[in-house]
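Understanding the architecture of this molecule
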Amino acid sequence: MAQSDVHWADEAEAIKSNKPLKLLLFLFKTLPAFIIHTMCFPATFFFLIFSPHARKDARTYQKQLWEFSGGKIPPKISGYRQLLSFSLCLLEKIEGWLGKVKFTRIHYADDDVQELLERLRDGKGAILITSHLGNMELLRSLQDYNTQLCGREVPVVIIMDMKISEQFSQTLKELNPHYSMNVVESTSIGPDSMIYLEEQAERGALIVVAGDRTSAQNRDKVIKKTFLGKEACFPYGVFLIPFLMKMPVYYMFGMRSHFSIFKPKYNVYIEKSLVDCDCPRSERGERISQMCGEFVLKLEKFCMMYPYQWYNFFNFWKQENHVEGDGNA
């Protein structure tokens with residue numbers, strides 16, 4: 001089977017040892033950040049040469065986006081630019097966990113952020129559906145994020161597959177011992193984990209989950225939607241969770257507005273879902289599909305705005321023997 005045709009969860013982890021990550025941590029602690037950012041340029045060049053499948057998948061995505069936009073976006077098909085953006089994203093994650101990213105470098109769009117903040121200030125929780133477009137983990141790592149916006153410590157629970165990024169996650173645990181306490185393993189979601197999520201929501205937590213990768217365990221439970229002009233599969237379980245918890249959903253995208261090796265800036269967009277999750281069971285399947293379609297439209301919009309910040313390095317449009325979820329799970 002060609003490398004680009006495997007399911008994303010079967011991809012080998014890009015970093016098999018945490019030694020390079022520990023080296024980066026050491027460099028960040030001893031050198032100015034702009035020097036490390038500069039090192040990304042030659043490092044990405046070598047990655048481009050020795051990782052042909054990542055180069056191919058980046059170009060596949062960009063060509064699909066280019067056709068979808070009528071030949072306007074991106075302005076240039078460049079696997080290097082997308083891989084460079086990904087390299088910088090990894091550095092931003094580490095900077096955030098080291099407390100080197102200041103709140104003043106983030107700009108919040110004038111969308112539904114105030115409504116979300118009001119919920120959090122009132123001690124109410126919400127679900128954030130994010131993606132692998134841009135960098136959302138950066139926000140979680142900001143030391144002054146909670147107090148600056150909400151005036152209280154907001155619990156953050158992330159639903160993710162820990163095994164896929166095991167080395168990176170292990171290094172972050174060493175840097176921040178509380179890292180694993182707020183992570184729910186996506187491959188083992190069941191009654192116990194749902195009870196935990198509901199308890200956290202009652203504490204006013206943000207439940208964060210990515211909506212652009214199908215489940216590693218339940219690969220046949222998907223929602224098929226047209227994305228950038230071609231049918232793709234999205235995870236049924238992610239869009240089922242809000243209906244089980246009956247909580248409002250916000251779509252959240254954290255994007256690098258422009259790159260500077262000295263002080264890069266970021267834009268954050270928060271847009272509320274218009275789909276009501278509190279509905280009869282008979283309507284659940286249709287509304288889950290509506291919410292997924294809503295998310296796909298947001299994803300397309302921000303791909304158009306930030307074409308090189310897409311970090312799904314696999315064949316996103318590969319069709320397998322999936323069946324669509326029926327809303328009765």
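It should be emphasised that the depicted structure is a prediction, and the values quoted were computed from it without experimental measurement.

Examining helix α3 (residues 52-68)
For α3, with 17 residues, the first-to-last C-alpha span of 24 Å sits near the 24 Å given by 1.5 Å per residue. Those residues of α3 that fall on the buried side of the exposure criterion are Ala 54, Asp 57, Ala 58, Tyr 61, Gln 62, Gln 64 and Leu 65. The buried residues of α3 occupy one face: seen down the axis, they fall within an arc of 155°. At its buried positions, α3 is contacted by α2 (33-50), α4 (79-97), β7 (230-235) and α11 (284-305).

With respect to a nonpolar patch on the surface
Taken together, the side chains of Leu 31, Phe 34, Ile 35, Met 39 and Phe 262 make up a nonpolar region of the molecular surface, amounting to roughly 430 Å² of accessible area. The residue Phe 262 is located in the loop between β8 (249-258) and β9 (265-272) in this model.

Things to note about the nonpolar core
Ile 129, Phe 227, Phe 234, Phe 239, Met 245, Phe 253 and Met 291 are the most contacted members of the largest nonpolar core, which has 49 residues in total. At eight residues, the largest contribution of residues to this core is made by α11. Every residue in contact with Met 291, bar those within four places of it in the chain, is listed here: Ile 129, Phe 239, Pro 242, Phe 243, Val 249, Tyr 251, Ser 273, Val 275 and Cys 277. Grouped together as the second largest cluster of nonpolar side chains are 25 residues, Leu 120, Met 136, Leu 149 and Val 154 included.

Things to note about the state of the cysteines
Inspection of the entire model under this criterion finds zero disulfides. With no disulfide of its own, Cys 233 lies 9.8 Å from the sulfur of Cys 292, the closest cysteine sulfur. Lacking any disulfide linkage, Cys 277 is separated from the closest cysteine sulfur, that of Cys 279, by 7.4 Å.

Here we look at the packing of aromatic side chains
This structure, assessed with the given rule, holds 18 aromatic pairs. Here Phe 239 and Phe 295 contribute two aromatic rings whose centre-to-centre distance is 5.7 Å and whose plane-to-plane angle is 55°, an arrangement assigned as tilted. You can see Phe 239 sitting in helix α10 (residues 236-245) and its partner Phe 295 sitting in helix α11, a full 56 residues away along the chain. Look at Phe 316 and Trp 317: their rings are 5.6 Å apart centre to centre, the planes differ by 75°, and that puts the pair in the edge-to-face class.

A look at the pairing of β9
Counting buried residues along β9, six of its eight residues qualify, which places the element largely inside the surrounding structure. Here strand β1 (residues 106-108) runs beside β9; their pairing, made up of three bridges, is parallel. Pairing of Ile 106 across the sheet is with Tyr 266, part of β9. Two elements, β8 and β9, share eight bridges in a ladder whose sense is antiparallel. By the bridge assignment for β9, Tyr 251 is matched with Glu 271. Remark: six residues form the turn of the hairpin made by β8 and β9, two consecutive strands paired antiparallel.

What counts and how
- Residues numbered from 1 in each chain as written.
- Predicted model: local features only at pLDDT ≥ 70, side-chain atom pairs only at ≥ 80, totals over all residues.
- Heavy atoms only, no water.
- Helix = DSSP H or I, 4+ residues; strand = E, 2+ residues; numbered from the N terminus.
- Expected span 1.5 Å × (residues − 1).
- Buried < 20%, exposed > 50% of the residue type's maximum accessible area, 1.4 Å probe, protein only.
- Arc of directions from axis to C-beta.
- Contact = heavy atoms within 4.5 Å.
- Patch = residues over 30% accessible without salt bridge, like charges linked within 9 Å, V, L, I, M, F, W, Y side chains within 5 Å.
- Areas by Shrake-Rupley, 256 points an atom, 1.4 Å probe, with all protein chains shown as cover.
- Salt bridge = Lys/Arg side-chain N within 4 Å of Asp/Glu carboxyl O.
- Core = buried A, V, L, I, M, F, W, Y, C linked by side-chain atoms within 4.5 Å.
- Disulfide = S-S within 2.5 Å.
- Phe/Tyr/Trp six-rings, centres within 6.5 Å; stacked < 30°, edge-to-face > 60°.
- Pairing = 2+ DSSP bridges.

Treat this as a map of the structure, not an account of what it does.
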